[in-house]
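Breakdown of the fold
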Amino acid sequence: MKAPVIALLGPTNTGKTHHALERLLEHRSGMIGFPLRLLARENYDRVVARAGAAAVALVTGEERVVPPRARYFLCTVEAMPVSRPVAFLAVDEIQLAADPARGHVFTDRLLNARGIEETMFLGADTARALIRRLVPDAAFIARPRLSTLRYVDPKKLDRLPRRSAVVVFSVAEVYAVAERLRRQGGGAAVVFGALSPRTRNAQVALYQAGEVDHLVATDAIGMGLNLDIEHVSFTGLVKHDGRGPRPLSPAEVAQIAGRAGRHVRDGTFGATAELGPFPADLAAAIESHRFRPLERFFWRQPDLDFASLHALAASLSGAPRSDALLRPAPADDQRALTTLTRDAEVRGLVRSPEHVRLLWDVCQVPDFRNVLTDAHTWLLGRIFRHLREPAGRLPEDWVASQVRALDRADGNTDALLTRLAAIRTWTYLAHRDGWLADAAHWQEQARLVEDRLSDALHERLTEQFVDRRGAIVSREEPDSLVTSVSDEGDVVVQGLRVGRLEGFRFVPDAEVRDGSRAVTAAANRALRGDVDGLVSAFMASPDEAFSLRAEGRIAWRGADVARLLPGDAALAPRVEPLPSELLDPPRRERVRRRLAAWVEAHAARVLAPLVTLARAEGSSPSSRAVQFALSEGMGCVPRRRLGALVKQLGPSDRRWLARHGVRLGRVAVFVQDLASREATALRALLFAVRAGGAAWTPASVSMRVEPGLSPEACAAAGYVVLGARALRADLAERVAQRAFELAQSGRLEADASLASLAGASIEETVGILKALGYAPDAQGRFVWARKGLRRAAGAA
């Protein structure tokens, strides 16, 4: 009797793989081919746990663990040692025979791979009709889904239920969606095809352990990953298959959606709000598991002719004998062969059928890096040339330099992914029989490098897309969160420090600020419960607890809580509390009034002479005009701006101004006793608030005028601009008086003595004298240059 061939078909979550593993272990020997290295490794571990490591082999393109007495072989489909006789043979996901890139391998296994006692093909029911045509003696077993899969309406990302997978179709989308989920609270684990099995397993472990509630994955999730997913949400229904964008077939959508609901737990699927609802017929097809049968399997001639390069190319172009089979477009290995055979040096090295076979083996080295074809083909050409050298091996020093260059765990995610893809090439090469003198050594070295890169990649992905604090907070009910604030202002939620309370604002730590909205919202929500106590402490604070900072900010206990804005008068700015999620309008107004009272008291203390003058009743319209000008000018106004008003002042006006500390100088009219550093800084700040821009705070009594500095800003700080220098008003008056005295005696020169008094250079002193109204005569002495200036100076 012929050994039975069984097609075990059905949707996802039907227990097909579990059944095949049980059948494998019931036979004395067996082999199963899986579509992914990850699945081969996962099921290898399961069988080892049952049968022991000595009885089980793992065979993939990049790993070979083959004990001498191995009876059970867990493989990738491409790496199955089909020439080895085994009692039981199975191939998983047989519907991949319809895949344009890899389908011909699955088709070959369907047509030619058999177990001595039993053969089993696992897959989707869409393959039933083609299997029936191509393997007429196959028996079919249908496996119903163990749980219900139900369509639900679209959901926004921030409304996804816990234990959800978001499916995207590019690595860039993986990053973008994972970042959005991180900002909304907790983040996500990520899965996509370029991850190594070790990194992928580590990311999956994050999700399975409940450290994150969401998984963001490409359609790679649809192949064999059995996770505790309750809902699958699609961001799109179009993928790029290497040739261009194409819509997913309903069966492909179902393969991915079927990840929701494991064993007897029901699952749901749907779209994100951005994508919108599924077409009704698509949703119904997925729920009922009814899809159009596959029409063709891809086939490539498995019996290749290695007599010559021409014979090999001709055999690869052979046509199938059944209309159920379709020859695919040239695969990567065939395209590499075509390119290399155009190379005269390569052709010259092919002198026998063995050389043809070797070249074909080299062409089958996978392009893990997905780089430009020319770059990969160049590497293949170099490998072939080395293997055709007398030693017939890849040079140890060359392999060492290549592996050593990749053994670096620095760099960002993309850099690590690039190195991982490259080291997988060397892992594959190390497992080719006879290509390396010490293959076991390089297998181990490549594995160690891959492990280090995989661990580093997992760490980067976790840092980038997982917020463990956000994940913890997002799982708790708002009212159950335990939040505290230390005396130093540290905010702790559920035992985890999440930021600081600065004034009335919660300032999250950097990693929280860059990511989790959930943590920020939870902290603010909890802090609002104690805001009355915070406001009460603020209202009861002594004046010493407040201070003015640059740019007009008011600080309380060292944290900014409000800012100054222009008011009705220069000495009376408005106070506006900074935005805070803790303060409602009534509390905000209480804070504003307390700070406004402090600002008024602070100005009255620091600028007492000026405030007293501003509040006094002037003796005449002229004195009140001078009083107003000084109040708005922060206590100092250039004399030339008040020349007419000063002339109108009578003796009583002058006495009244003098009693209030006003000096009518030669170059400035200013309020005395405002020269302290604190007073100067406050005057400059209040003027900047009024006029806009940054406050100018001088460092000495004589300063060089920097570009963009206005005379008004200098005057507000109590300085007068003379030439290229700004002199404090009292110093400017001394310089003007000394110049007047020297001019009276005809001895006024820009000499070292006058320059020293002005704190200026000789050149700058010349500018000061010219600003005072003097001009040099033929002998180099300075004399009056303006008509009437002498009389004005004398009158002052």
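Keep in mind the model is a prediction, meaning the values are calculated, not measured.

1. Description of the pattern of salt bridges
Under the definition given, this model contains 52 salt bridges. With its nearest N and O atoms 2.6 Å apart, the salt bridge here joins E63 to R41. Residue E63 is found in the loop between β3 (56-59) and β4 (64-65), and its partner R41 is found in helix α2 (residues 37-51); the two are separated by 22 residues along the sequence. Each of R37, R41, D45, E62, E63, R424 and E450 takes part in one network of salt bridges that share partners.

2. Considering the packing of aromatic side chains
Summed over the entire model, instances satisfying the criterion amount to 16 aromatic pairs. The interplanar angle of 65° and the centroid separation of 5.2 Å between the aromatic rings of F504 and F538 together place this pair among those described as edge-to-face. Residue F504 is found in the loop between β21 (496-502) and β22 (505-508), and its partner F538 is found in helix α20 (residues 531-539); the two are separated by 34 residues along the sequence. Pair check on accessibility: F504 and F538 agree, each one buried.

3. Quick look at the confidence of the model for the protein
When the pLDDT values of the protein are averaged, the result is 89; 93% of them are 70 or greater. Mean pLDDT in the protein bottoms out at helix α31 (residues 789-795), which sits at 40, and peaks at strand β6 (residues 88-91), which reaches 98.

4. Brief notes about empty space enclosed by the protein
Under the counting rule described, the total for this entry stands at 1 cavity of 30 Å³ or more. Taken as a whole, the largest cavity holds about 40 Å³ of empty space. Residue lining of the largest cavity: P638, R640, P711, A715, Y719, V720 and V721, and that is the complete set. Elements represented by at least two residues in the lining of the largest cavity include exactly α27 (711-716) and β31 (719-722). The element best represented in the lining of the largest cavity is β31, accounting for 3 residues. Taken together, the residues of the lining of the largest cavity break down into 6 nonpolar, no polar and 1 charged.

5. Considerations on the sheet that holds strand β30 (residues 702-704)
Read from one edge to the other, the open sheet built from 3 strands follows the order β30-β32-β31, with strand pairing classed as antiparallel. Only two strands of the sheet have a single neighbouring strand rather than two, namely β30 and β31. Averaged over all pairs of adjacent strands, the angle between their axes in this sheet comes to 25°, without regard to strand direction. In the sheet, β30 pairs with strand β32 (residues 725-728) via 3 bridges, with the strands oriented antiparallel. Residue pairing for β32: R704 is matched across the bridge by R725. In the packing of helix α28 (residues 729-744) onto the sheet, the strands contacted are β30, β31 and β32, and the crossing angle to β32 comes to about 100°.

6. Description of the packing of helix α23 (residues 621-632) against helix α25 (residues 651-659)
Between two packed helices, the angle of one axis relative to the other and the distance separating the axes together describe the packing. Packing of α23 against α25 brings their axes to within 9 Å, and their N-to-C directions diverge by 30°. Here α23 lies roughly parallel to α25, going by the angle between them. Regarding α23 and α25, the two cross each other, and that crossing is right-handed. Across the interface between the two elements, S622, S623, V626 and Q627 of α23 pack against D653, W656 and L657 of α25. Considering only residue class, the contact of α23 with α25 consists of 3 nonpolar, 3 polar and 1 charged.

7. Things to note about the pairing of strand β25 (residues 559-569)
Taken together, the 4 bridges between strand β24 (residues 553-556) and β25 define a ladder with antiparallel strand orientation. Bridge pairing in β25 links R553 to R563. Hairpin connection from β24 to β25: 2 residues lie between these consecutive antiparallel strands, with R557 at a positive phi of about 55°. By the bridge criterion, 5 bridges tie β25 to strand β26 (residues 572-577) in an arrangement that is antiparallel. Paired with L564 across the bridge in β26 is V575. Here β25 hands over to β26 after 2 residues, the two strands then running antiparallel side by side.

8. Some details on the sheet that holds β24
Backbone-to-backbone hydrogen bonds join strands into a sheet, with any given pair of strands oriented parallel or antiparallel. Strand order across the open sheet formed by 4 strands is β23-β24-β25-β26, with antiparallel pairing between neighbours. Where the open sheet ends on each side, the last strands, each with one partner, are β23 (546-549) and β26. Pairwise comparison of adjacent strand axes, ignoring direction, gives a mean angle of 35° for this sheet. Along the sheet, helix α26 (residues 677-691) contacts β23, β25 and β26; its crossing angle with β25, the most-contacted strand, is approximately 70°.

9. Concerning unusual backbone geometry
A positive phi angle, close to 65°, is found at R163, a residue other than glycine. When you line up the elements, R163 lands in the loop between β9 (149-151) and β10 (164-167). For R557, which is not glycine, the phi torsion reads 55° and is therefore positive.

10. Some points on the side chain of S702
One can find S702 in strand β30. Among the polar contacts made by the side chain of S702, one reaches the main-chain carbonyl oxygen of G759 at a distance of 3.4 Å. The residues touching S702, leaving out its near neighbours within four places in the chain, are Y719, R725, A726, L727, L731, A758 and G759.

11. A short note on the pairing of strand β29 (residues 668-671)
A two-sided burial pattern is seen for β29, the buried positions comprising A668 and F670 on one face and V669 and V671 on the other. By the bridge criterion, 3 bridges tie strand β27 (residues 636-638) to β29 in an arrangement that is antiparallel. Bridge pairing in β29 links P638 to A668. For strand β28 (residues 662-664) and β29, the ladder comprises 3 bridges, and the chain directions are antiparallel. Within β29, the residue paired with V662 across the bridge is V671. Where β28 folds back onto β29 in an antiparallel hairpin, the turn is made up of 3 residues.

12. Quick look at the packing of helix α15 (residues 413-430) against helix α16 (residues 439-465)
Put simply, α15 and α16 touch, their axes get as near as 9 Å, and they point 160° apart. It follows that α15 is roughly antiparallel to α16 by the angle criterion. The interaxial crossing formed by α15 with α16 has left-handed handedness.

13. Quick notes on the side chain of T425
Its place among the elements puts T425 in helix α15. Overall, T425 belongs to the buried group, its relative accessible area being 3%.

14. Remarks on the state of the cysteines
By definition, a disulfide links the sulfur atoms of two cysteine residues through a covalent bond. Inspection of the entire model under this criterion finds 0 disulfides. Of the cysteine sulfurs around C636, a residue in no disulfide, the closest is that of C714, at 9.7 Å.

Reading guide: rules and limits
Residues numbered from 1 in each chain as written. Predicted model: local features only at pLDDT ≥ 70, side-chain atom pairs only at ≥ 80, totals over all residues. Heavy atoms only, no water. Salt bridge = Lys/Arg side-chain N within 4 Å of Asp/Glu carboxyl O. Helix = DSSP H or I, 4+ residues; strand = E, 2+ residues; numbered from the N terminus. Phe/Tyr/Trp six-rings, centres within 6.5 Å; stacked < 30°, edge-to-face > 60°. Buried < 20%, exposed > 50% of the residue type's maximum accessible area, 1.4 Å probe, protein only. pLDDT = per-residue confidence, 0-100. 1 Å grid on protein atoms, 1.4 Å probe; cavity = no way out; pocket = protein on both sides within 12 Å on 5 of 7 lines; lining within 4 Å. Points joined across faces, edges and corners; volume = space filled by probe spheres on them. Nonpolar A, V, L, I, M, F, W, Y, C, P; charged D, E, K, R; others polar. Pairing = 2+ DSSP bridges. Axes fitted to C-alpha atoms, helices over the stretch in contact; angles between N-to-C directions. Contact = heavy atoms within 4.5 Å. Parallel < 35°, antiparallel > 145°, perpendicular 65-115°, else oblique. Left-handed = near helix turned anticlockwise from the far one by under 90°. Polar contact = N/O pair within 3.5 Å; in protein donor to acceptor, adjacent residues only side chain to side chain. Disulfide = S-S within 2.5 Å.

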